[in-house]
Each structure stands twice: as C-alpha cells, then as structure tokens.
Amino acid sequence: MTRASPKILLRIGRIRKRLATPSVPWFVWLGATVISLALHGVLIYSLAPWWQGWAWNRNSTPVGEMETTHEPRVVAFQVSTPPLEPAELLELLNVPQIQAPEGRSPEPAAIEATATIPSAPQIAAPWAGRRDALPPIPSSDKREADTVWAPSPAPIGGGLEGRTADARGKLASLRGGSPRSEAAVHAGLAWIVAHQHSDGGWRFTHRGGPCDGRCRNSGSENSTTAATALALLPLLGAGHTPVDGEHASAVAHGLAYLRGRMVVSSRGGDLQEGTMYGQGLSAIALCEAYALTKDDELKQPAQKALDFIVSAQHFRGGWRYFPGQPGDTTVVGWQWMALKSGQMAGLAVPKQALDRASAFLDSVESDGGAAYGYEGRQAQRSPTAIGLLCRMYSGWRRNDPRLVRGVAQLAAWGPSYEDMYFNYYATQVLHHQEGPHWPTWNEQMREHLIAAQATTGHEAGSWHFADPHTGPGGRLCDTALALMILEVYYRHMPLYGMKSVDF
Ligand SMILES: [Zn+2]
C-alpha cells in the first residue's frame, strides 16, 4: 500500500485547518451550501424523466389484471406521421420501423415555417407520377393577406348538436358538403358495420371475422380497442348512437365491447391494449357517446378513461406510446381531444392537465405558434395541423395572427393524396377557421375522397391509401379518417359559432 506523499498530506492539513477556523466568514459557508443544493437539484431534475418512466412501468406490470386481460404489448399503431426514431430507442420500445417506399422519405422534409411550398416528394405506386399534394391552389385564391377579418369571438362552439338527422342535412349543405359526399358517408358507414365482429368489436386485420380476407390492405396492429374506437367515431359522428339511427345496434354492441375491455385500477380505466393511441381514441368514443345519450351507464366508463389519460400524462405535459413517457404531438392530439370531449360532456377534467398539455405545445412550437414539430420545434405537416387545432380549442380567436399564418401554411401544403392523418387534422382547422382558403381546400379534399372510394366487391364503400403511416391500421383506419373528413360539416358545431341556423 503506497503512502500519500508528505507534501500532499501537508497541503490537505492546511486546507482542513483553514476550513475549521472560526475566522471563515459566514457568507462563505452560506454560498457553499447554496451551490451544493443547486448542483444536487440539477442532478435530481435531470434524472426525473427516467425516474417517472421507470416508476410507471414498475407500478404497471405487477397489476395482474392488466397483463392477463391485454393483448401482448406491441406498439405499432402509427397512424401518425412521426419522423424516424433513433434505432436504439425503437429497439428498446419494441416499435417496428415502418419502411418507406423506395425513393420517398416517411415524413416530408421538415419545412421552416417561413419557407415556400416544398417540392413534392416522390410517391410510390399506385400514385407513381402524381404529386403528394392535390393540385396547387390557384394564385387568385391566395388572398389571406387581403382578407378583412370581421370581429372575431373566442371559440364557443365545437359541440355535438349538429349530429341529428335534421341538423346534419342543413349543416352539410350550408358548410360545403354535397349529396355525393353524404352518399359516400352512407356507403362508408355501411362498410364499417359490415366488418364488425360478433363480439361487438372491430379488428385492423381482415383475418377471420365477417371479412375473412375478402378486402385487401389488412392492417397489422393488434389493439382491438383502437380499432373499435376508430370504427365507432365516424358512426357517432353521423349521429348514430346506441338508441338512434339505422346503425344503433352496431354502436351499442361496439360500446359494450369497449367497456368490457377496460381494465380498471387506481389510475383509472385502461383501454390502451398496447398504446396510448388506443386510450385516446377509446376515451373520445366513450365521451361522445355519453354526451349524445346522457346514459348513466356510459358516464362512469367515460370518466375512468379520462382519469387514466390524466394519470398517464408526463410531468412536462405530453403523452406518448406508454404512460409517463415524454410527449409527441401526434399522441398528444388524441388525448387533448379526449379531454376536450370530456369537458364538453360535463365530465371532470382537471384544468391543470390541459394547462400542462398547452405547455407541451409551447415546447414544440415555432414561428411564434404558427407551426409545430413532432417532439421538437422543427415544423412538420401533421404536427402543425394538430397543434393549430388544439390551440383553437384552447381559446385562440379565429383571426389570431398565429392561426392565420399557420392556416396559410397548411393551405400552401394543400390536401394530400395519401397522408390521411394530415388531411384529417388540417381539414378541421380550415373548416373551423372559415378563412379564405377553406372553399378551395374543401372542394379538393371532398372530390378526391369521393373519387377514391372503393365501389366494387367487399371493399365497396371503403378507402385505402398508400400511406406508410396508416399502414398498420389498414383499410379500417383509412376508411374511418376519410369518413370523419367528410363529416366535418356537422361532426362538431362550428367552433366560432354560426350566424343563424334553425334546427
Ligand atoms: Zn371486407
């Protein structure tokens, strides 16, 4: 054992002596204490995300019922448009990577909010040779700079009153729908109902069940709650409730299936089946069904589904595939809409949860709030549409300069041939804002969907697009999104109110 050199011992001895002496001023001790506390605080804060994720997983797994009643936890329901993840993270989370068709990146190149319209990406068959975006808006329609905005109220609408048979027809004709778009909705809902399984639920895969492989483009995602909720949302969107409409029986059985899949714990009602996408979608379906019927039997499941969302929120305001993970904008969008649906239905939603979610949006915004990124501030198409819709529901006025700039960017990107996730959110933003870009956007979007609907065989009434992001959800996912886009005229009442409609 080597001994420390005498010089070092001497030096240490001097330092100890100096520190021990009472002549050291008190503020030196105070300063040292403050610095020490600050350093430890930074250390604890930096470990917090890891700790929270670990704590969630640790507390989740021992709950026997959660593991026994759920499908294996496979996280793959990427109806979103996430950018490529670091390979290690995907491997860690068991998230299969979606391979983009050759020559096309899975997410259009990130675009600066102030940039000009991006060049169209190369698209694989069957869209080879076509632009991703529908034909560009004629320059004469680019008139947002000249628009004189009327005095703009804060958002007061967004309710479900437009879903009655009478209101639906009036709103569709007043706000941009057409007899052909309504016929497409009718045929699409019939396809969805024809694919309901005997247990009341839906599946993304076409194996077995009433389809038994007769339709192409089967999905691969395992979450039956996500599939069932996605099937129910367009049915509820057109006013089919457990007690109303020609599909009342299908809706009642679907809702019963969802309730049966709920795993209740102290954290609320877990409907994930592998992903928080399933939780958000299921919560929206239950909240809407309760709002439309005020049925007490739906109230408690809807509330518990919301409670789980609140308990799964990351401390910085976001949600991701698993509870407690730091957020991404696409998962946040579904949870946000679930909380707002619950709030509008009169259910308990803590203000703090929405405030935190707003803080998450702050962390991914750019151009002063006109554009949004997926996990960071790099502006992207779908996150921008999601961020703007959430902002509208949070109280932004329709002539807010940030919203006007953001909508102009969405319009410049234009409706997409295949990116249904972007189309779904952007259509809602443009519809509710009622600005100068809406008529052109609506006509392009509506006519594209009418033309793209399958008309023959078992697929008649459904949609499928060559979109790698909705691939795991297959034909059911594309059909649900297309239907909700065509229901935009009445699915939610105009967010900023209407001048006069009698129904
Ligand atoms: Zn089929």
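Since the structure is predicted, the reported quantities are computational estimates derived from the model, not experimental observations.

Student: Sorry, what's going on with unusual backbone geometry here?
Tutor: Outside of glycine, negative phi angles account for most residues, and trans bonds account for most peptide bonds. With a phi close to 50°, D367 is a non-glycine residue in the positive phi region. Residue position: D367 is located in the loop between β3 (365–366) and β4 (371–372). We note that E434 has phi near 55°; this positive angle belongs to a residue other than glycine. In this fold, E434 is placed in the loop between α15 (420–433) and α16 (438–452).

Student: Which parts of the structure should I look at to understand the confidence of the model for the protein?
Tutor: Regions with low pLDDT carry predicted coordinates that are not meant to be interpreted in detail. Residue-level pLDDT values for the protein average 79, and 68% of them are 70 or greater. Confidence drops under pLDDT 50 across residues 1–6; counting only partners more than four residues distant or on other chains, this segment forms one contact. pLDDT under 50 marks residues 499–503. Its contacts with residues more than four places away, or in other chains, come to six contacts.

Student: What am I meant to see in the packing of α16 against helix α17 (residues 474–486) here?
Tutor: Two quantities define a packed helix pair, namely the angle between the axes and the distance from one axis to the other. Orientation of α16 relative to α17, taken along the N-to-C sense of each, is 135°, at an axis distance of 10 Å. Between α16 and α17, the angle falls in the class oblique. Handedness of the α16/α17 crossing: left-handed. Here α16 contributes M445, R446 and L449 to the contact with α17, which in turn contributes A482, I485 and L486.

Student: Is there a simple way to explain helix α6 (residues 179–194) in this structure?
Tutor: Residues separated by three or four positions in an α-helix point in the same direction, a consequence of the helix having 3.6 residues per turn. Relative to the 22 Å expected for 16 residues at 1.5 Å per residue, α6 spans 23 Å between its end C-alpha atoms, a close match to the ideal helical length. For α6, the complete set of buried residues consists of S181, A184, V185, G188, L189, W191, I192 and V193. As for α6, its buried residues are in contact with α7 (224–237), α8 (248–261), α16 and α17.

Quick notes on the rules
- Residues numbered from 1 in each chain as written.
- Predicted model: local features only at pLDDT ≥ 70, side-chain atom pairs only at ≥ 80, totals over all residues.
- Helix = DSSP H or I, 4+ residues; strand = E, 2+ residues; numbered from the N terminus.
- pLDDT = per-residue confidence, 0-100.
- Contact = placed C-beta atoms within 7 Å.
- Axes fitted to C-alpha atoms, helices over the stretch in contact; angles between N-to-C directions.
- Parallel < 35°, antiparallel > 145°, perpendicular 65-115°, else oblique.
- Left-handed = near helix turned anticlockwise from the far one by under 90°.
- Expected span 1.5 Å × (residues − 1).
- Buried ≥ 20, exposed ≤ 12 C-beta atoms within 10 Å, placed from the backbone.

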